[in-house]
Amino acid sequence: MLTNLTKLTACTLIGASVLLSAGCSTKVTRLDANEEVALSDRWNAKDSELVATEMINDMLSFPWARDFEMDNNRRPTVIISRISNKSHEHIAVDTFINDIKRAIIRSGRAGFVAGGDERDAVRDERRDQELNAKDAKAMGQEKAADFALSGTINSLVDQVGKERVTFYQVDLKLIDMETNMEVWNGQKKIQKLQQKSSFGF
């Protein structure tokens, strides 16, 4: 009798374990990269893409690029000076910068020159080429930036009861490197409403 009871207990435990494992399993679904999946009111990849596209479209509607090309018979070059995240959360600023670069390059109205760590890495490569490559690229032949783009990402959070509104504001400006004149100043605002669930925020 004890043996049968032991077997019954073991079978019950195994069955419960299988059911528990099935109930706690994780399901992963592959999604289209262009599809927005908003799981919270936080800044996401779609915000980055939409803000970059809208702001660059606005920037290119100003006459700076057209005037420069008419005066110099070539497209202007732009460098990212600094875009700072001053919001309440971590934002992948590099992703936003890449979205900006793609929007400008796609327009065909301006080009980009490397800056910061990227520029230093290219210079290191040229120095290496001078020592090791017979067709090394010459030093001192870089294209200078004609305009510098900089800006900030700010945020505010307002919460009352079961509702929270998160407000984002992106400010960008474009400076003429030769004259120090500000040739464009743009601003984009986003508001997101999140309703509190029974588990809280």
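What you are looking at is a predicted structure, and each value in this text was computed from that prediction instead of being measured. (Residues numbered from 1 in each chain as written. Predicted model: local features only at pLDDT ≥ 70, side-chain atom pairs only at ≥ 80, totals over all residues. Heavy atoms only, no water.)

## Brief notes about the pattern of salt bridges
In step 1: For the coordinates displayed, the defined rule picks out 10 salt bridges.
In step 2: Of the charged contacts in the structure, one is a salt bridge between Asp47 and Lys192, with a shortest N-O distance of 2.5 Å. Linking Asp47 in helix α2 (residues 45-60) with Lys192 in strand β5 (residues 182-195), this pair joins segments that are 145 residues apart in sequence.
In step 3: Here Arg127 ties to Asp124 by a salt bridge, and the two come within 2.5 Å at their closest N and O atoms. Taken together, the residues Arg127 and Asp124, both in helix α5 (residues 116-132) and 3 residues apart, mark about one turn of the helix.
In step 4: Judged by its relative accessible area of 43%, Arg127 is partly exposed.
In step 5: A single network of salt bridges, built from pairs that share partners, joins Arg123, Arg126 and Glu142. (Salt bridge = Lys/Arg side-chain N within 4 Å of Asp/Glu carboxyl O. Helix = DSSP H or I, 4+ residues; strand = E, 2+ residues; numbered from the N terminus. Buried < 20%, exposed > 50% of the residue type's maximum accessible area, 1.4 Å probe, protein only.)

## A look at the environment of Ile79
In step 1: Note that Ile79 resides in strand β1 (residues 77-85).
In step 2: A relative accessible area of 14% means that Ile79 is categorised as buried.
In step 3: Excluding residues within four positions of it along the chain, Ile79 makes contact with Val113, Ala114, Gly115, Arg119, Ala145, Phe147, Ala148 and Leu149. (Contact = heavy atoms within 4.5 Å.)

## Describing unusual backbone geometry
In step 1: Even without being glycine, Asn73 reaches a positive phi, approximately 60 degrees.
In step 2: Along the polypeptide, Asn73 turns up in the loop between α3 (64-72) and β1.
In step 3: Owing to a relative accessible area of 72%, Asn73 belongs among the exposed residues under this scheme.
In step 4: Within the chain, Asn180 stands out as a residue other than glycine whose phi angle is a positive 70 degrees.
In step 5: For Asn180, the position within the fold is in the loop between β4 (163-176) and β5.

## Examining the confidence of the model for the protein chain
It should be kept in mind that the predicted coordinates are not to be read in detail where pLDDT is low.
In step 1: Per-chain confidence: the protein chain averages 84 in pLDDT, with 80% of residues scoring 70 or above.
In step 2: Considering each helix and strand of the protein chain separately, the mean pLDDT is smallest for helix α1 (residues 2-23), with a value of 53, and largest for α3, with 95. (pLDDT = per-residue confidence, 0-100.)

## Brief notes about the sheet that holds β4
In step 1: Taken together, the 5 strands give an open sheet; going across it, the order is β2-β1-β3-β4-β5, and neighbouring strands pair in mixed fashion. What marks the edges here is a single partner per strand, and that holds for β2 (111-112) and β5.
In step 2: Direction of pairing for strand β3 (residues 147-160) relative to β4: antiparallel, over a ladder of 14 bridges. The partner of Phe147 across the bridge, within β4, is Asp176.
In step 3: α2 contacts β3, β4 and β5 of the sheet and is inclined by roughly 150 degrees relative to β5.
In step 4: In the packing of helix α4 (residues 93-107) onto the sheet, the strands contacted are β1, β2, β3 and β4, and the crossing angle to β1 comes to about 155 degrees. (Pairing = 2+ DSSP bridges. Axes fitted to C-alpha atoms, helices over the stretch in contact; angles between N-to-C directions.)

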